[in-house]
Amino acid sequence: MSKIVILGAGISGHVAASHLRRKLSKEHEVVVVSPNSNYQWIPSNIWVGIGRMKSKEILFPLAPLYRKKNIGFLQAKAISFHPEGDAVEAKPYVLSEYVIGEKKGVQEKVTYDYLINATGPKLNFEATDGLIPGSNKTYSVCTYGHADHAWHGLNGLIQEMKKGKKAKILIGTGHAKATCQGAAFEYILNVEQELRKHKVRDMAEITWISNEYQLGDFGMDGMLLSYNSMTMKSSEMVEMIFEDRDIKWILGAGVEKIEDGLAHYENLDGEHKTESYDFAMLIPAFSGHGFKAFDKGNQDITDKLFKGFMIVDADYTSKPYEEWSVQDWPETYQNPSYKNIFAPGIAFAPPHAISKPRKSKNGTDISPAPPRTGMPSGITAKLVADNIIDSIKKGKESLEHKGSMGNMGAACIASAGYGLTQGSGVSITTYPIVPDYHKYPKSQGRKLGKTFGEIGLAGHWLKLALHYAFIYKAKMKPFWWLIPE
Amino acid sequence: MTERISKYQRFKMMNPIIQFFKFIYLSIKIMIVVAGGHGGTREVK
């Protein structure tokens, strides 16, 4: 009998738990440890942030589902990792602390045979002075709670605009090293469409602010894509959309401080500038959770497990951008020191960025961190689960399932406005996610045809279809496993 | 505001009948890209 513990119940953790439970017999124990009581379908947060969906439509409680499916659930947060156990406990364990109920504050050693660290990122708002969701007129759509607040703030501004107020709206990244530009891109287009719907578009100046060097970088160094019968750069496609929607942009901006209605940033020329706004949605930096790890003798071994995020089978050798290789990226998400620990999704430490790193004239790093959200999170979680299942069934380590982001396709269905007949979406697929310049030297490291873009109403329907399909899948309803990650 | 998307292009982007077929086409194409498999990058061939 094996016990598999999964830390986190987001896209990655929940996918891993679902597949493990489906494929392993009941003698094996699957336990999820998460401080959150709900599963949330994060990609739909942007619709909560424009008031077109209620947060209850994108979430459901985990405890009843896990009870029904025989998955153990502890509503607790991980405190520290003990991959060798300790003087008292022979088995490896994670020290966890309950966050709710009678046991709130009680710490427990959660032992395991296999550990999946799917804790995702810490939303590091503290990294930017004054960037606090819901204050200083800045908001976030990173969680459903944040998105609810964002809609409250935006709706208030819309009502003022209806009375004649001119407003400035600022949307983008809130830190020089932030990632997840895609979510901000979706939100700015949705906000723009909502303002048109409320007939106040002419009262607003909308500005995109980002740490990207070019529009359409998305933390993936941009891409060359097929669009209709043309081949164009993602920067050209996004520029076309922004100009058509009358959205201004500020690029190469590392937001460093937020005050009430003021965003202070440094640009790549080393200039310190300020942009005023009446409403802002800025994506924070992502960071690791700062977990500590200890060996059997209680010595600190954090650097064996963590490099900010968790260390996996990547090549972390420091090298210049020109020497980066697609082979640097992990394939199995297994920790090299402790072979029974895995970190899929956002929890693994990337070997380096994907976008070319850039510094301002003052030496400040201003460029996007690599994205691992959404589809790669699900795919990597499933392959980790499959390797663990194989290892248990064969009785020896099996790592047949591999999934490097350099050999994996991803779809980004970006909503560009909500509405069954008036909605719009920008559908972009990219293959591979991490460009392979040796395999595809003439198309910026990606395969044309498999890397394409489309704009139109169908994109909105697709995003809506994915919303319902993935919530169905997450609820583990009949034949849920037929829906791919 | 610069009209970068022509009226004809916009008509095609928003026409429900055209977009219905586009929806089917995109669903299949995305499925091929995403469910088309994934693997490692380090094998020496």
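Residues numbered from 1 in each chain as written. Chains lettered and ligands numbered in written order. Predicted model: local features only at pLDDT ≥ 70, side-chain atom pairs only at ≥ 80, totals over all residues. Heavy atoms only, no water.

## Some points on the sheet that holds strand 7 (residues 93–98) of chain A
All names here are of chain A. The sheet built from four strands is open, its strands ordered 8-7-6-22 with mixed pairing. Across the chains shown, the open sheet's two edge strands, defined by having one partner strand only, are strand 8 (107–111) and strand 22 (292–293). With two bridges connecting them, strand 6 (residues 76–82) and strand 22 associate as parallel partners. Note that in strand 22 the partner of Ser80 across the bridge is Lys292. (Pairing = 2+ DSSP bridges. Helix = DSSP H or I, 4+ residues; strand = E, 2+ residues; numbered from the N terminus.)

## Details of the pairing of strand 15 (residues 230–233) of chain A
Residues and elements named next belong to chain A. Summarising the sheet, strand 14 (residues 224–227) and strand 15 pair through four bridges and their orientation is antiparallel. Its bridge partner being in strand 15, Leu225 is matched across the sheet by Met232. Hairpin connection of strand 14 to strand 15: two residues between the antiparallel strands, including Asn228 at a positive phi of 55°.

## A short note on the interface of chain B and chain A
Often the size quoted for an interface is simply the accessible area lost on bringing the parts together. With 29 residues of chain B at the interface, the matching set in chain A holds 48 residues. Contact between chain B and chain A buries roughly 3200 Å² in total, counting both sides, with carbon and sulfur atoms accounting for 62%. Seen at the junction of chain B and chain A, the total is five salt bridges. When the shortest N-O distance is used, the salt bridge between Asp244(A) and Arg10(B) registers 3.1 Å. Scanning the region where chain B abuts chain A turns up 18 residue pairs in polar contact (both at pLDDT 80 or more). For the side of chain B that touches chain A, the secondary-structure elements that each account for two or more residues are helix 1 (7–14) and helix 2 (16–34) of chain B. Among the elements that take part in the side of chain B that touches chain A, helix 2 of chain B stands out by supplying twelve residues, more than any other. In terms of residue class, the side of chain B that touches chain A is made up of 13 nonpolar, nine polar and seven charged. (Contact = heavy atoms within 4.5 Å. Buried area = accessible area lost by both parts, 1.4 Å probe. Salt bridge = Lys/Arg side-chain N within 4 Å of Asp/Glu carboxyl O. Polar contact = N/O pair within 3.5 Å; in protein donor to acceptor, adjacent residues only side chain to side chain. Nonpolar A, V, L, I, M, F, W, Y, C, P; charged D, E, K, R; others polar.)

## Digging into the sheet that holds strand 19 (residues 272–276) of chain A
Residues and elements named next belong to chain A. Sheet architecture is open: three strands sit in the order 17-18-19, paired in antiparallel fashion. Strand pairing shows two members of the sheet lacking a second neighbour, strand 17 (253–259) and strand 19, which therefore form its edges. Within this sheet the neighbouring strands show an average axis-to-axis angle of 30°, counted without direction. Pairing of strand 18 (residues 262–267) with strand 19 involves five bridges; the strand directions are antiparallel. Residue Leu262 lies in a different strand from strand 19, and its bridge partner there is Ser276. (Axes fitted to C-alpha atoms, helices over the stretch in contact; angles between N-to-C directions.)

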